[in-house]
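# Structure assessment
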Amino acid sequence: MKKKLIITILVVALVIGLLSGGTFFYRRHQKNANPIKVYSVSMLNAGSMDYNRHEIDGNITVSSSQNVYMEKNQIVKEIYATEGDAVKAGDKLMLLDMTKQELDLESDKATLDQYNTDLIVLNDDLNELYNVTPIADNPENYKSPAEERLEKTQAALDEAEAKLSEVESNNPDESEDYIKSGTLKEFSEKYLSDENVPKPEDFQDENSYQAVISYRSSLKDNIDEDIKTAEDGYKVLKDQYDKDHKTAEDAFNAAKAANDEALKAVDEEYKNNQGKKTYTKSELEKAIKEKQKAIESKKLEIRKQEIVVKQAETTIDKGTIIATMDGTITKMDVSEENISSGKPVITVSGTSGYQAVLNVDEWNLVDIKIGDSVNIQNYDNGRDYEGKVTDIGLSPTDRYSSDADVSYYPVTVSINASAEDNIYPGQWINASFDKSSDNTDSDNICLLVAFIKKENGNSYVMVDDNGHLKKKYVKTGKTYWGSYIEIKSGLSPNDYIAFPYLKDAVEDKKCVVSDNLDDIYK
């Protein structure tokens, strides 16, 4: 019965082992079977598209007049035209006093400078946290490296001091067990002198007296030899003691010097750490994450403030009011009463023409200026027209955006066309215009947003790392049309990446290169 039980146990153990091994090899096989396809970043990159141009859709409206409004706190500095004057698009009509706006701009720039300074401080704080050595989870038992070193040097000093005391306790000069040079001779000369010869009456019997006399006589006969033996023995002991004492004393001095250095290190550490917070490992990890989050938040504030500054500069540029169309000034009234009523202070009645109001996101708004040329394609009749930017709104529109952090502003474009061109209000158009050349980056990488995943607020891609997938974090920039996203850093055109939303697109999964983008949709 016992033999059967043992056999049963062995069989069960063997089965479990085979199952465990089979599971391991099955998982390993699964990880290497059906490899994920990866695609060249240079092939996926939409950066080759003409990003020096920006395209926006909109609708055509009739441009019959231009109305100029003023806010109550605005002041007219100079007027260049009068009611009844004929004007052409681009002619100056009026100059506003932008002193307040210029002061606001300086304040906005100061705020931007402060944000940049804050970012430097936050980065310095983060670097300090990276250099912090966390304390134990139980702070009461925590010892810093300097304190641990002092504890060891103090123990070594105590040991060296005890050894030195032990050696000094065996000093032959301090011991009564040994007779140093001269002592025995002085004793013998004094004890064996004729003046100290014992008298018979000092003893109880004759035998005791004779024994002392005999001993004295023996000492006299052997005194020189005994003195030499005693002196030789003392010298041997003294030489050994001097050696042992020097060794122990040197060790003690070395231990004391090391302990003194350790004390200084503890004092220095204490001075450096005065006022500084200590962290356990978990507290340090949390502090680092919070500081990283604060840095990203500050970077976002800087980006927004840069737009505020740019818009403020644009506002100042708009202090010069110009005609946006050919026509006649039919109203010029800058009286306080007219401004307070909310009515236009200037009205230019156009001779003819059409326009379109486009919604431009704040990222691209900084690249547009009044007077910029625009290429317009009419979707309804297929014709192309020329146009110009005639107005840029200062207030965001209510246009819906999937990105809550992006605002859109109205940009008015005049269209160089007539009724004979088969153009009418309501037609759908595409307007494209050049961006500022200084904002162009020829090395831009723009990928479909579907290739980017997010984790804890950070963006990453699944990249080919020696034939296996690896998670790689990237820094992203602008989003284009909700479909493409700019990769600022972390990825190069020479990398290969996988579509990250596949079920098997996990780290360590085997991958193979594919040159066919159609594989993505299979």
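Above this text sits the structure in question.
Keep in mind that what you see is a predicted model, and the values were worked out from it rather than measured.

Let us now look at the overall build of the protein chain. Within the protein chain one finds nine helices and 21 strands. Across the 522 residues that make up the protein chain, the buried fraction comes to 31%. Contacts spanning at least 24 positions in sequence make up 76% of the contacts within the protein chain whose residues lie at least 6 apart. Carbon and sulfur atoms make up 49% of the accessible area of the protein chain, which totals about 33,600 Å².

With antiparallel pairing, three strands are arranged side by side in an open sheet as E4-E6-E7. At either end of the open sheet lies a strand with only one pairing partner, and these are strand E4 (75-79) and strand E7 (320-322). This sheet shows a mean twist of 30 degrees between the axes of neighbouring strands, independent of strand direction. Where strand E6 (residues 92-97) and E7 come together, three bridges link them in antiparallel fashion. Across the sheet, the residue bridging to Leu95 is Thr320, located in E7.

We now examine the packing of helix H3 (residues 99-130) against helix H7 (residues 281-317). Running from N to C, H3 and H7 cross one another at 160 degrees; their axes reach a closest spacing of 9 Å. For the element pair H3 / H7, the angle class is roughly antiparallel. As for the relative orientation of H3 and H7, their crossing is left-handed in sense. In the contact of H3 with H7, the residues fall into 18 nonpolar, seven polar and 11 charged.

Moving on to the environment of Thr315. For Thr315, the position within the fold is in helix H7. Residues Thr315 and Leu394, 79 residues apart in the sequence, show an inter-C-alpha distance of 7.5 Å. For Thr315, the residues in contact, after removing those within four places along its chain, are Met98, Gln101 and Leu394.

Pairing is antiparallel across the open sheet formed by four strands, whose spatial order is E3-E9-E8-E5. The open sheet terminates on both sides in strands that have one partner only, identified here as strand E3 (65-68) and strand E5 (86-87). Here five bridges tie strand E8 (residues 327-332) to strand E9 (residues 346-350), and the two strands are oriented antiparallel to one another. Among the inter-strand pairings, Met332 is bridged to a residue of E9, identified as Ile346.

A positive phi angle is found at Asn466, which is not glycine, with a value near 55 degrees. Among the structural elements, Asn466 can be located in the loop between strand E17 (458-465) and strand E18 (468-480). Here Asp508, not a glycine, exhibits a phi torsion of approximately 80 degrees, which is positive. With respect to the helices, strands and loops of the structure, Asp508 is situated in the loop between strand E20 (496-498) and strand E21 (511-513).

This part is about the pairing of strand E14 (residues 428-434). Burial of E14 is extensive: five of the seven residues sit out of reach of the surface. Pairing of strand E11 (residues 373-378) with E14, which is carried by four bridges, proceeds in the antiparallel orientation. When the bridges of E14 are listed, Asn378 appears paired with Ile429.

Turning our attention to the layout of surface pockets. Empty space within the second largest pocket amounts to approximately 990 Å³. Lining the second largest pocket are 36 residues, with Tyr69, Lys318, Asp391, Ile392 and Leu394 positioned closest to its centre. Counting residues per element, the ones that place at least two in the lining of the second largest pocket are E3, H3, H7, E7, strand E10 (354-361), strand E12 (384-392) and strand E13 (408-416). With five residues, H3 is the largest single contributor of residues to the lining of the second largest pocket. When its residues are assigned to classes, the lining of the second largest pocket shows 15 nonpolar, 15 polar and six charged.

Here we take up the environment of Ile485. Looking at the element boundaries, Ile485 is found in strand E19 (residues 484-489). Taking the C-alpha atoms as reference, Ile485 lies 9.5 Å from Phe451; in sequence the two are 34 residues apart.

To continue, consider the pattern of salt bridges. Side chains that differ in charge, positive against negative, can pair when their charged atoms come close. Counted by the stated rule, this structure contains 13 salt bridges. Here Asp104 ties to Lys100 by a salt bridge, and the two come within 3.0 Å at their closest N and O atoms. With a gap of four residues between them, Asp104 and Lys100 both fall in helix H3, about one helical turn apart. Taking relative accessible area as the criterion, Asp104 reaches 33% and is therefore assigned partly exposed. Residues Asp125 and Lys291 are paired through a salt bridge, measuring 3.7 Å at the closest nitrogen-oxygen approach. You can see Asp125 sitting in helix H3 and its partner Lys291 sitting in helix H7, a full 166 residues away along the chain. According to the relative accessible area criterion, Asp125 is partly exposed, its value standing at 27%.

Across all of its chains, the model carries three aromatic pairs by this definition. Plain terms: the ring middles of Tyr460 and Tyr473 are 5.9 Å apart, the flat faces sit at 65 degrees to each other, and that makes the pair edge-to-face. With Tyr460 in strand E17 and Tyr473 in strand E18, this residue pair connects regions lying 13 residues apart in the sequence. Assessed through its relative accessible area of 8%, Tyr460 is described here as buried. Each residue in the set Phe451, Phe499 and Tyr501 is aromatic and connected to the rest through ring pairs, giving one cluster. Across the ring face of Tyr80, the terminal group of Lys92 is positioned such that the distance to the ring centre comes to 5.9 Å.

Definitions and limits used
Residues numbered from 1 in each chain as written. Predicted model: local features only at pLDDT ≥ 70, side-chain atom pairs only at ≥ 80, totals over all residues. Heavy atoms only, no water. Helix = DSSP H or I, 4+ residues; strand = E, 2+ residues; numbered from the N terminus. Buried < 20%, exposed > 50% of the residue type's maximum accessible area, 1.4 Å probe, protein only. Contact = heavy atoms within 4.5 Å. Areas by Shrake-Rupley, 256 points an atom, 1.4 Å probe, with all protein chains shown as cover. Pairing = 2+ DSSP bridges. Axes fitted to C-alpha atoms, helices over the stretch in contact; angles between N-to-C directions. Parallel < 35°, antiparallel > 145°, perpendicular 65-115°, else oblique. Left-handed = near helix turned anticlockwise from the far one by under 90°. Nonpolar A, V, L, I, M, F, W, Y, C, P; charged D, E, K, R; others polar. 1 Å grid on protein atoms, 1.4 Å probe; cavity = no way out; pocket = protein on both sides within 12 Å on 5 of 7 lines; lining within 4 Å. Points joined across faces, edges and corners; volume = space filled by probe spheres on them. Salt bridge = Lys/Arg side-chain N within 4 Å of Asp/Glu carboxyl O. Phe/Tyr/Trp six-rings, centres within 6.5 Å; stacked < 30°, edge-to-face > 60°. Lys NZ or Arg CZ within 6 Å of the ring centre and 35° of its normal.

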